[in-house]
Amino acid sequence: MTADLQTITTRATTVGVLTIVVGVLVALWVVGSRALFGMTGPVAVIMACTLAPVGLVLQVLSGVWLRRALALGHRIVPVIVALSFSATAGILFGLTVPEITGTGPRSLFAPAGDGFALEMSTALCNPLAVVYLGTSIAAAIFARLALRTPRTEEAHDFAS
């Protein structure tokens, strides 16, 4: 294996593993972000059974396909952009989704559980969940399609 091919393989593995690790961390954040601040309740259980596993599977598939596409020299920019939007929306979703506690609904944006902040937090969490899942789906699709696109010129040089 030449040094250039070894560098490409190492870079592809690093990007793939990093994608999977970030995907796992975002899925954990979606489920447990409120628990870190003492707000536990049934919403975390619902997220652990629905949204987080779907996002996790999509992120892991994206990471595996992204690694393969990068190692083969395919174009991956759309995948990286979609993954960036997905991670950002997942983190913001974890901040805004309200949790039902003994003192009423609360979120990380509205820890007191009342007023305009709680209303805004509740209003933002649904669109953020849609963006999180939508961009996760898009990233997986883009990563899979990247394997079918023509290889870049650099990849042709390494193959010959």
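Above this note sits the structure.
These numbers come from a predicted model, not from an experiment.

About the cut-offs
Residues numbered from 1 in each chain as written. Predicted model: local features only at pLDDT ≥ 70, side-chain atom pairs only at ≥ 80, totals over all residues. Heavy atoms only, no water. Salt bridge = Lys/Arg side-chain N within 4 Å of Asp/Glu carboxyl O. Helix = DSSP H or I, 4+ residues; strand = E, 2+ residues; numbered from the N terminus. Buried < 20%, exposed > 50% of the residue type's maximum accessible area, 1.4 Å probe, protein only. Expected span 1.5 Å × (residues − 1). Bend = angle between axes of the 7 residues up to and from the residue. Axes fitted to C-alpha atoms, helices over the stretch in contact; angles between N-to-C directions. Parallel < 35°, antiparallel > 145°, perpendicular 65-115°, else oblique. Left-handed = near helix turned anticlockwise from the far one by under 90°. Nonpolar A, V, L, I, M, F, W, Y, C, P; charged D, E, K, R; others polar. Patch = residues over 30% accessible without salt bridge, like charges linked within 9 Å, V, L, I, M, F, W, Y side chains within 5 Å. Areas by Shrake-Rupley, 256 points an atom, 1.4 Å probe, with all protein chains shown as cover. Phe/Tyr/Trp six-rings, centres within 6.5 Å; stacked < 30°, edge-to-face > 60°. Lys NZ or Arg CZ within 6 Å of the ring centre and 35° of its normal. 1 Å grid on protein atoms, 1.4 Å probe; cavity = no way out; pocket = protein on both sides within 12 Å on 5 of 7 lines; lining within 4 Å. Points joined across faces, edges and corners; volume = space filled by probe spheres on them. Contact = heavy atoms within 4.5 Å.

**Student:** How do you make sense of the pattern of salt bridges when you look at a structure like this?
**Tutor:** Any two side chains of opposite charge can pair, so long as their charged atoms come close to each other. Going through the model one piece at a time under the given rule, you end up with one salt bridge. Taking the shortest distance from any N to any O, the salt bridge between arginine 34 and glutamate 99 comes out at 3.4 Å. Of this pair, arginine 34 sits in the loop between α1 (3-32) and α2 (42-49) while glutamate 99 sits in strand β1 (residues 99-101); the two residues are 65 residues apart in sequence, bridging distant segments of the chain. The class for arginine 34 is buried, based on a relative accessible area of 1%. On the accessibility criterion, glutamate 99 (0% relative accessible area) is buried.

**Student:** Hey, could you run me through helix α5 (residues 116-146) in this one?
**Tutor:** Note on helix geometry: an α-helix contains 3.6 residues per turn, so any two residues three or four positions apart are oriented the same way. Helix length check: α5, at 31 residues, gives a terminal C-alpha distance of 44 Å against a target of 45 Å (1.5 Å per residue), a fit within 8%. The sharpest bend along α5 reaches about 25° and sits at cysteine 125, with the proline proline 127 one to four residues further on. Buried residues of α5: Leu118, Ser121, Cys125, Leu128, Ala129, Tyr132, Thr135, Ser136, Ala139, Ala140, Ala143 and Ala146, and no others.

**Student:** How should I be thinking about the packing of helix α4 (residues 77-96) against α5 in this particular structure?
**Tutor:** The description of two packed helices rests on the angle between their axes and on the distance between the axes. Contact pair α4 / α5: the axes reach a minimum separation of 7 Å and the direction vectors enclose 155°. In terms of axis orientation, α4 runs roughly antiparallel to α5. By crossing handedness, the relation of α4 to α5 is classed as left-handed. Of the residues that constitute the contact of α4 with α5, the class distribution is 19 nonpolar, seven polar and no charged.

**Student:** Could you clarify how one ought to interpret a nonpolar patch on the surface in this entry?
**Tutor:** Residues Val17, Val21, Val24, Leu25, Leu28 and Leu56 make up a contiguous nonpolar surface patch of about 480 Å² in total accessible area. With five residues, α1 is the largest single contributor of residues to the nonpolar patch. One can find leucine 25 in helix α1. Looking at leucine 25, the relative accessible area reads 52%, which means it is exposed.

**Student:** I keep staring at the packing of aromatic side chains and nothing clicks. Help me out?
**Tutor:** Taken as a whole, this structure holds zero aromatic pairs when the rule is applied. Above the ring of tryptophan 65, the side-chain terminus of arginine 144 is found at 5.2 Å from the ring centroid.

**Student:** I keep staring at the layout of surface pockets and nothing clicks. Help me out?
**Tutor:** Gaps between atoms show up when a probe of the same size as a water molecule is rolled over them. The space that makes up the second largest pocket amounts to roughly 150 Å³. Surrounding the second largest pocket, Val15, Leu18, Thr19, Val22, Gln59, Ile80, Leu83, Ser84 and Ala87 form its lining. Listed by contribution, the elements that provide at least two residues to the lining of the second largest pocket are α1 and α4. Taken together, the residues of the lining of the second largest pocket break down into six nonpolar, three polar and no charged.

**Student:** Just checking my understanding: could you explain the side chain of serine 107 for this structure?
**Tutor:** Assignment of secondary structure puts serine 107 in the loop between β2 (104-106) and α5. Owing to a relative accessible area of 0%, serine 107 belongs among the buried residues under this scheme. Contacts of serine 107, omitting those with residues within four sequence positions, involve Met39, Leu95, Thr96, Val97, Pro98, Leu118 and Ser121.

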